[in-house]
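Fold and geometry: a report
Here are the chains, one letter per residue:
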Amino acid sequence: MTATAGFGAEWSASLRRGTQAELRAWLDLALRLCDEADTMALGHFRRELEISSKPDRSFVTQADTAIERFIRDGIAAAFPGHGLVGEEHGTEGAGASVRWYIDPIDGTHNFMRGVPLFGTLLGVERDGEMQVGVISAPALRERWFAWRGGGAWASGSAGMAPGELRRIRTSRLQRLEESQLLYSSPTDIEPYAPGFRPLVARAWRDRGFGDFWGYALVAEGAAEAMIEVGMNAWDLAAPLLIIEEAGGRVTDFRGDRSIHNDTFLATNGFLHEAILAALPG
């Protein structure tokens, strides 16, 4: 990432790298790929899975690998000069100006256990800046997406007609005592942030909504912050873009704006500095 961390629609739009037509073409492809990825994932969900362990002791299923291969093939066919960075099949075209980040099933452990909080995450980056992001959660029948300068949007929410879109924005709460904080695992976060538990105690409410779901709730204005550690770039590429276009702010625990570090704080923007200050303890 090349821009100093900020927040708001005007600031986010200033990071656009390309024409509206280019970004919409990338977004349209990402949405089409997610349509098929949704079908593939649901075809395996709550059914017998082939599960294997990776060197980092995380798990992978046949759905993860098949979905990522399908997505990579689709991108290569449409944009052969684009680079690919995926969880299961590594990096191709590392030096390309435009690179796609692919998380075929974010929340694999949920997927394995029959918990419907899982989704496909796609992010498109140009020259170090995220330009397009899609989070598609087929078991929830919901999807969130954004393009730089185009705002953040949701579809599939309860009460919405098929194809109807809803503009989403982060909340404008400015007092920690009124906020809802989300996080992954407290036992994972505390070694990085000794002040985590006192911070949570100050908030109005807290919940452990990990993986993509926490970021989607921040983008929708349903929570004020999501705190997580131990991620990879493909976990964060789409959420960063969606939250920034929704009006929020994202950094690591040091205040650096990056998807390549192993701590991540996403907020509505207004509470970002207060939470950063509290995390060290």
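Everything in this summary refers to the structure shown in the same document. (Residues numbered from 1 in each chain as written. Predicted model: local features only at pLDDT ≥ 70, side-chain atom pairs only at ≥ 80, totals over all residues. Heavy atoms only, no water.)

**Examining the packing of aromatic side chains**
Tallying each qualifying case throughout the model produces 9 aromatic pairs. Note on Phe 111 and Phe 118: the rings are 4.9 Å apart at their centroids and 75 degrees apart in plane angle, and the pair reads as edge-to-face. One exposure class covers both Phe 111 and Phe 118, and it is buried. Centroid distance Trp 144 to Phe 212: 6.1 Å. Interplanar angle 50 degrees. Geometry classified as tilted. Taken together, the positions of Trp 144 in strand 8 (residues 142-147) and Phe 212 in helix 7 (residues 211-220) put the pair 68 residues apart, joining distant regions of the chain. Each residue in the set Phe 45, Phe 111 and Phe 118 is aromatic and connected to the rest through ring pairs, giving one cluster. Directly above the ring of Trp 147 sits Arg 24, whose terminal nitrogen or CZ lies 4.4 Å from the centroid. (Phe/Tyr/Trp six-rings, centres within 6.5 Å; stacked < 30°, edge-to-face > 60°. Buried < 20%, exposed > 50% of the residue type's maximum accessible area, 1.4 Å probe, protein only. Helix = DSSP H or I, 4+ residues; strand = E, 2+ residues; numbered from the N terminus. Lys NZ or Arg CZ within 6 Å of the ring centre and 35° of its normal.)

**Comments concerning the packing of helix 7 against helix 8 (residues 233-245)**
Running from N to C, helix 7 and helix 8 point in directions that differ by 10 degrees, and their axes come no closer than 9 Å. On the basis of their axis angle, the class for helix 7 and helix 8 is roughly parallel. Here helix 7 contributes Tyr 215, Val 218 and Ala 219 to the contact with helix 8, which in turn contributes Leu 236, Pro 239, Ile 242 and Ile 243. Residues that form the contact of helix 7 with helix 8 fall into these classes: 7 nonpolar, no polar and no charged. (Axes fitted to C-alpha atoms, helices over the stretch in contact; angles between N-to-C directions. Parallel < 35°, antiparallel > 145°, perpendicular 65-115°, else oblique. Contact = heavy atoms within 4.5 Å. Nonpolar A, V, L, I, M, F, W, Y, C, P; charged D, E, K, R; others polar.)

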